[in-house]
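Topology and contacts: notes
Each chain is listed here by its residues.
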Number of protein chains: 4
Amino acid sequence: MEQTADERPRRRQARGERRIAQLLEAAASVFCTTGYTAASTNAIAREAGVSPGTLYQFFPNKEAIAVELSDRLMHEMRETYGKALRPIAPETPLEEVIAATVDRFVDFNCRHPVFFALMHGPDVPGAMAQEHDALHAALIGRVEALLTPFLPDARTEEIARTSRMCVGIYKGGLELILAHEGAEREAYVQELKNVLFRYLDPLLMDSYPLGV
Amino acid sequence: MEQTADERPRRRQARGERRIAQLLEAAASVFCTTGYTAASTNAIAREAGVSPGTLYQFFPNKEAIAVELSDRLMHEMRETYGKALRPIAPETPLEEVIAATVDRFVDFNCRHPVFFALMHGPDVPGAMAQEHDALHAALIGRVEALLTPFLPDARTEEIARTSRMCVGIYKGGLELILAHEGAEREAYVQELKNVLFRYLDPLLMDSYPLGV
Amino acid sequence: MEQTADERPRRRQARGERRIAQLLEAAASVFCTTGYTAASTNAIAREAGVSPGTLYQFFPNKEAIAVELSDRLMHEMRETYGKALRPIAPETPLEEVIAATVDRFVDFNCRHPVFFALMHGPDVPGAMAQEHDALHAALIGRVEALLTPFLPDARTEEIARTSRMCVGIYKGGLELILAHEGAEREAYVQELKNVLFRYLDPLLMDSYPLGV
Amino acid sequence: MEQTADERPRRRQARGERRIAQLLEAAASVFCTTGYTAASTNAIAREAGVSPGTLYQFFPNKEAIAVELSDRLMHEMRETYGKALRPIAPETPLEEVIAATVDRFVDFNCRHPVFFALMHGPDVPGAMAQEHDALHAALIGRVEALLTPFLPDARTEEIARTSRMCVGIYKGGLELILAHEGAEREAYVQELKNVLFRYLDPLLMDSYPLGV
DNA sequence: GATGAATGAGGATTCATTCAT
DNA sequence: TATGAATGAATCCTCATTCAT
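Rules and cut-offs
Residues numbered from 1 in each chain as written. Chains lettered and ligands numbered in written order. Predicted model: local features only at pLDDT ≥ 70, side-chain atom pairs only at ≥ 80, totals over all residues. Heavy atoms only, no water. Salt bridge = Lys/Arg side-chain N within 4 Å of Asp/Glu carboxyl O. Helix = DSSP H or I, 4+ residues; strand = E, 2+ residues; numbered from the N terminus. Buried < 20%, exposed > 50% of the residue type's maximum accessible area, 1.4 Å probe, protein only. Phe/Tyr/Trp six-rings, centres within 6.5 Å; stacked < 30°, edge-to-face > 60°. Lys NZ or Arg CZ within 6 Å of the ring centre and 35° of its normal. UniProt positions renumbered as here; feature names shortened; annotations may be inferred. Near = heavy atom within 4 Å. Polar contact = N/O pair within 3.5 Å; in protein donor to acceptor, adjacent residues only side chain to side chain. Nonpolar A, V, L, I, M, F, W, Y, C, P; charged D, E, K, R; others polar.

Regarding the pattern of salt bridges
Counted according to the given criterion, the structure contains 30 salt bridges over all chains. Taking the shortest distance from any N to any O, the salt bridge between C:Glu175 and D:Lys171 comes out at 3.4 Å. Taken together, the positions of C:Glu175 in helix H8 (residues 156-179) and D:Lys171 in helix H8 (residues 156-179) put the pair across two chains. Given the relative accessible area of 6%, D:Lys171 is considered buried. Taken together, the shared-partner salt bridges connect A:Glu76, A:Asp107 and A:Arg111 into one network.

Laid out in structure tokens, this is it:
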């Protein structure tokens, strides 16, 4: 469409790449501590130990930082779990799939706490909506891919709805998981698995009357 | 003299009450459209049609507005549903309880969209944390009260955990419900009920093996 | 059309009016010394001895300041010369009309040097274009009104063109006048009168073959 | 070795010349669209397709770019019209001289729109004042040279004043000419010629009472 | 109680310029 | 030479809050 942005790819120097990583790291930290909305580009630059101008050499605005951060998170998510998930055999019991998936997602969130901050995004539609949605959509997409083989008879619409519900449940549960530690955290993880299993299991029943 | 003295304060208070209600209404509107973090007191005052100074005559700061708003919401929630819930007979099937509760909560949220904004509150711990938690805690308390009769054998801890999970699920589901309209919204409402029922039903089984 | 701005007239306090005058005076000063484009709102506020926030309580941006300043200048121009010009008798010799008009305009410019800065406006079309044009248009309008009785046979188009030329000439001459002082300035004033007279006189000849 | 040493510098200079031309072209474009004051060196570099660092390898600052641009414009003006003007015979009627000169200047301005931007320069004394004046002075010098043979009796001072007036008139007229197109533009060109002719013709009369 | 004025620090962003590679 | 990185002061503008009237 329009080429206003990114007119030319402009080669990046190694130093620049490092700065970008540094800035994204700083942004992640700031987003986590103050939230996306309240985070300021100046604070991010300060956290990264660079001047405001430097930040703007790499990102046109705060949203672009969140976008890039989201992209990298999604990419790493794919890298880390995408391959691991492929070999899921159709016969794998749902319980195991859920357990593995929740464990992975929780693990991922613990290693990248900013994921949570970005998921909730701005308090409000509008700013950053598209990226917020992009992260969301990616997550939903992954869940859809995961669920589809289990629900061959379901309509696309239903799968979409179910996947969204799962992600919604996951978000609700994650908040609790991250708010606790140790054994209590584990307990919440288990509860989350229970919720998801009990929610999804009956749906499978419908699809695979001969299942189990 | 004494009559006037008797009346004046009343009038003042009456006017004050109207002002406060006006301001809270405006705040609700602004919180909904811009989110709590991005909302500005000036914007609230403008929306209320008063000057900034007037706002600060009734509230010491932005957070106090959110606090009062939350308090009133919680109060109304109690007023509206508290009484209605009391006559719940222990024999009432869980399914009905859940359906009624979800319907009521969803209805409440639709009538007070700011509830959702306040629930999510600032993206982050810090500002308004206590109030955010107060709303939360109130909600959890209600759910605990609702669940306890169904889970007489459960330990307090478990009830707390389960209630929190329910609230977490509810929040996740509500976001989806509010994001859709018409039939699709209804479908999500039903899904939310399903999730909660399937999650809670087995717990009851344990408690009331002979139940229902 | 749209009511986005100036939703309610908001009463102004006396203090506010004084501040506005003060700010406009400061703006005039800054526009004169740095030019419109390079003038900064902070510099204007500083010059006025107030904080940036105060400036923005009265003006939404730099352009609005220029607009208001222009409006007031135009208003004063009307106040000062509008009445004085009315009694121009048709028999008044062109030479006198020009001399009086130039003297008045020059005098006005000397008392309000910012007029010149605003006339030239931003270096470029775009920003402030409309206001720049408004000042211009007002000036041209005045000249048209002045010329029309002298050129009864001319088409509107021609009068417009002639008036624009006169204003253009005037602007060119004014720059020279303001750049000099004392006798030299007077000499340029005289030259400007000469130019205008010699330009316009032949046009009258055509109209009033029996004139003079 | 020496050959390469001989060639390299040349190539470098050739490349440098190209770069400079490229940068000046870009600067002309940016000055035209945003005006001198608002033009940024970064924007010029971007327009030229080079990095900011490269720009500063050839020009110490923004003003130097304008200076060099002006110099080249003046040079081209001399190249193009200087020779053409020389053979002006003293008997050439003033009308023709003016017509030819105006046509040439207008033509020049249409081919180099940046000339106009530089003529007006920064709105204000200060930055770039000297260069602004240099362009101006050059223009005035040319007009003086043009007028002197027609006004042999006039004092230097008067010639200077008259020339400045002509340039001032020209600037005023040029703005109108550039603001219009087609037939209307032509009409303004004609008006400008008229103004200048009527202004200057009587001066000649004084000098050459027996002239023509 | 109500208003609008006032603040000044802080927000995002730009810019002329210098530096390392 | 050329590049892109880096700077930090300066830009415009907002905001929570206080003050005078």
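Describing the packing of aromatic side chains
Taken as a whole and assessed by the stated rule, the structure comprises 12 aromatic pairs over all chains. Taking the centre distance of 5.5 Å and the plane angle of 50 degrees together, the rings of A:Phe105 and A:Tyr170 count as tilted. Taken together, the residues A:Phe105 in helix H5 (residues 94-111) and A:Tyr170 in helix H8 (residues 156-179) connect sequence positions 65 residues apart. Here A:Phe105 and A:Tyr170 have matching classes, each one buried. Over the face of the ring belonging to C:Tyr36 we find C:Lys62, whose NZ or CZ atom lies 4.8 Å from the ring centre.

Points about the UniProt feature "DNA-binding region" (unreviewed entry) in chain A
Here the UniProt-annotated "DNA-binding region" (unreviewed entry) positions come out as residues 40-59 of chain A. Across residues 40-59 of chain A, the secondary structure splits into 75% helix and 0% strand, with the terminal C-alpha atoms separated by 13 Å.

Considering the UniProt feature "domain: HTH tetR-type" (unreviewed entry) in chain A
As annotated in UniProt, the feature "domain: HTH tetR-type" (unreviewed entry) corresponds to residues 17-77 of chain A in the numbering used here. Helix makes up 80% of residues 17-77 of chain A and strand 0%, whereas the separation of the span's terminal C-alpha atoms amounts to 20 Å.

Examining the protein's contact with DNA strand F
A:Arg19, A:Gln57, B:Thr41, C:Tyr56 and D:Thr54 are the nearest of the 37 residues found near DNA strand F. Across the atoms of DNA strand F situated within 4 Å of the protein, the share located in sugar and phosphate is 65%. A distance of 3.3 Å separates a phosphate oxygen of DNA strand F from a polar backbone atom of A:Ser51. Of all the secondary-structure elements, those providing two or more residues to the surface near DNA strand F are helix H1 (14-34) and helix H3 (52-58) of chain A, helix H2 (41-48) of chain B, helix H2 (41-48) and helix H3 (52-58) of chain C together with helix H1 (2-34) and helix H3 (52-58) of chain D. Split into classes, the residues belonging to the surface near DNA strand F amount to nine nonpolar, 19 polar and nine charged.

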